[in-house]
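# Tertiary structure, described
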Amino acid sequence: MENLRGSILMVLAMAGFALEDMFIKRLSLDLPIGQILILLGSGGAVIFGLGALARGHRLFSRDLLARPVLLRNLGELIGTIGFVTALALTPLSSASAILQATPLAVTLGAALFLKEAVGWRRWSAILVGFAGVLMVIRPGLEGFLPASLFAVQAVIGLAIRDLATRAVPATVSSMQLSSYGFATVVPAGAILLVITGAPVAPDAANWRDLAFALLLGVAAYYAIVAAMRIGEVSFVTPFRYTRLIFALIIAMTLFGERPDFWTLAGAAIIIASGLYTLLRERRLARLRRRRP
């Protein structure tokens, strides 16, 4: 029963993130990317900062300067700039498909930098998954969109964030980490805004979309935390890939996108590779527990 509840919460979280992406893409039709980053970063930092204070956590401490925290903030910065830019400049369907490679990138980073054991089967799955990314991007071919590389940047940044999170001191709460990460995006957005052009005065619809994006993002964050606590991680995690299903529905119904064969085939390969990696990790974990 706990696994069922956890999986439902994970699916709801992914629906929330897909809707958040939709509102961000809508904002990008009217506002410069740098301004969107400033608004999202400020709003997220305030929401999670208030959440940290409500739990009795200090917002400012020496732990802010811990190397893993700084590295995590850098990853958050790289990932957020990349994905918001990809949402603004490329189809929602392709940006979301490429983002599904993040778990594979985390496994790759864990093997290369954390010296975690990864057998040939998972190495093969990682390579096949990245081949799926190339199918979506199609470098050098007619359908290639250079802006799709921003989604690859997002994958790299989010993988850095997730890997660095493992080494963050236990004294730093998730609320504090999220507040720090969002706050880091604000100055980067300001620099990008100076480079790309002047800010635009948001209208009522823009403020509405921003509010929905923030609220849905925070709600989805809470749903993920609850899902991981209620159900088994190995059972609940695969439901992360439902985000792509919601993204495709939104892209086709609201933005009129029609993903071609290569995008859909590449997305299927990415998801299949990720699921195989998760199942393999689950099996290896069971074998390790059985050993005396």
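Coordinates for the structure precede this section.
Residues numbered from 1 in each chain as written. Predicted model: local features only at pLDDT ≥ 70, side-chain atom pairs only at ≥ 80, totals over all residues. Heavy atoms only, no water.

### A word on the overall build of the protein
- Across its full length, the protein holds twelve helices and zero strands.
- Along the chain direction, N to C, the helices and strands of the protein fall in the order α-α-α-α-α-α-α-α-α-α-α-α.
- The C-alpha radius of gyration computed for the protein amounts to 19 Å, which stays within 12% of the reference 19 Å derived for 292 residues, consistent with globular compactness.
- With the C-alpha coordinates aligned to their principal axes, the bounding extent of the protein is approximately 65 × 55 × 35 Å.
- Every one of the 292 residues in the protein was classed for burial, and the buried ones make up 48%.
- For the protein, long-range pairs separated by at least 24 residues make up 87% of all intrachain contacts whose partners lie at least 6 apart in sequence.
- Summing over all exposed atoms, the protein offers an accessible surface of approximately 14700 Å²; the carbon and sulfur share of this is 69%. (Helix = DSSP H or I, 4+ residues; strand = E, 2+ residues; numbered from the N terminus. Rg over C-alpha atoms; globule rule 2.2 N^0.38 Å. Buried < 20%, exposed > 50% of the residue type's maximum accessible area, 1.4 Å probe, protein only. Contact = heavy atoms within 4.5 Å. Areas by Shrake-Rupley, 256 points an atom, 1.4 Å probe, with all protein chains shown as cover.)

### As for the packing of helix α1 (residues 2-28) against helix α3 (residues 67-89)
- Look at α1 against α3: their axes get within 8 Å of each other, and the N-to-C directions meet at 65 degrees. Considering only the axes of α1 and α3, their crossing is right-handed. Where α1 abuts α3, its residues D21, I24, K25 and S28 lie against F83, V84, L87 and A88.
- When its residues are assigned to classes, the contact of α1 with α3 shows five nonpolar, one polar and two charged. (Axes fitted to C-alpha atoms, helices over the stretch in contact; angles between N-to-C directions. Left-handed = near helix turned anticlockwise from the far one by under 90°. Nonpolar A, V, L, I, M, F, W, Y, C, P; charged D, E, K, R; others polar.)

### A word on the environment of F144
- Inspection of the secondary structure assignment puts F144 in the loop between α6 (120-137) and α7 (149-165).
- Considering only alpha carbons, one finds F144 and A265, 121 residues apart in sequence, at a separation of 16 Å.
- Excluding residues that lie within four positions of it along the chain, F144 makes contacts with I137, R138, P139 and L149.

### Quick look at the pattern of salt bridges
- Overall, the coordinates contain eight salt bridges when judged by the stated rule.
- Ionic pairing is found between R138 and D260, a salt bridge with its closest N-O pair at 2.6 Å. With R138 in the loop between α6 and α7 and D260 in the loop between α11 (242-254) and α12 (261-290), this pair connects stretches of sequence that are 122 residues apart.
- When its relative accessible area of 31% is taken as the criterion, D260 is described as partly exposed.
- In the salt-bridge network here, residues are joined through shared partners; they are R72, E76, R161 and D162. (Salt bridge = Lys/Arg side-chain N within 4 Å of Asp/Glu carboxyl O.)

### Some thoughts on helix α2 (residues 33-54)
- In this model, α2 (22 residues) spans 31 Å end to end at C-alpha, consistent with the 32 Å of a helix rising 1.5 Å per residue.
- Positive backbone phi, approximately 80 degrees, marks G56, located one or two places after α2. (Expected span 1.5 Å × (residues − 1).)

### Observations regarding a nonpolar patch on the surface
- Residues M1, L4, I8 and L12 make up a contiguous nonpolar surface patch of about 450 Å² in total accessible area.
- When you line up the elements, M1 lands in the segment before α1. (Patch = residues over 30% accessible without salt bridge, like charges linked within 9 Å, V, L, I, M, F, W, Y side chains within 5 Å.)

### Regarding unusual backbone geometry
- Positive phi, normally seen in glycine, also occurs at K115, with a value near 60 degrees.
- Examined against the element boundaries, K115 turns out to sit in the loop between α5 (102-113) and α6.
- Phi angles above zero are rare outside glycine, and R138 is one such case at about 55 degrees.
- Accessibility expressed as a relative area gives 13% for R138, which makes it buried.

### Some thoughts on the nonpolar core
- Counting residues in hydrophobic clusters, the biggest one holds 49 residues, and the most contacted among them are I24, I36, L40, V84 and I98.
- With residues up to four places along the chain from it excluded, the contact list for L40 reads I24, V84, F182, L210, A213 and L214.
- Membership of the second largest hydrophobic core comes to nine residues, among which are A13, M14, F17 and A220. (Core = buried A, V, L, I, M, F, W, Y, C linked by side-chain atoms within 4.5 Å.)

### Re the packing of α1 against helix α9 (residues 204-230)
- One way to put it is that α1 packs onto α9 with a least axis distance of 8 Å and a crossing angle of 160 degrees. Between α1 and α9, the angle falls in the class roughly antiparallel. For the element pair α1 and α9, the recorded crossing hand is left-handed.
- Looking at the contact of α1 with α9, its residues break down into 21 nonpolar, four polar and six charged. (Parallel < 35°, antiparallel > 145°, perpendicular 65-115°, else oblique.)

### So, the packing of aromatic side chains
- As enumerated under the stated definition, the model contains five aromatic pairs in all.
- On the numbers, 5.6 Å between centres and 20 degrees between planes, the contact of F48 with F182 is stacked. Of the two residues, F48 is situated in helix α2 and F182 in helix α8 (residues 174-196); the sequence distance between them amounts to 134 residues.
- Using a relative accessible area of 28% as the deciding quantity, one classes F182 as partly exposed.
- Look at F48 and Y221: their rings are 5.0 Å apart centre to centre, the planes differ by 80 degrees, and that puts the pair in the edge-to-face class. One end of the pair, F48, is in helix α2; the other, Y221, is in helix α9, with 173 residues separating them in the sequence.
- A relative accessible area of 4% means that F48 is categorised as buried.
- Members of the aromatic cluster, each reached through a chain of ring pairs, are F48, F182, Y221 and Y222. (Phe/Tyr/Trp six-rings, centres within 6.5 Å; stacked < 30°, edge-to-face > 60°.)

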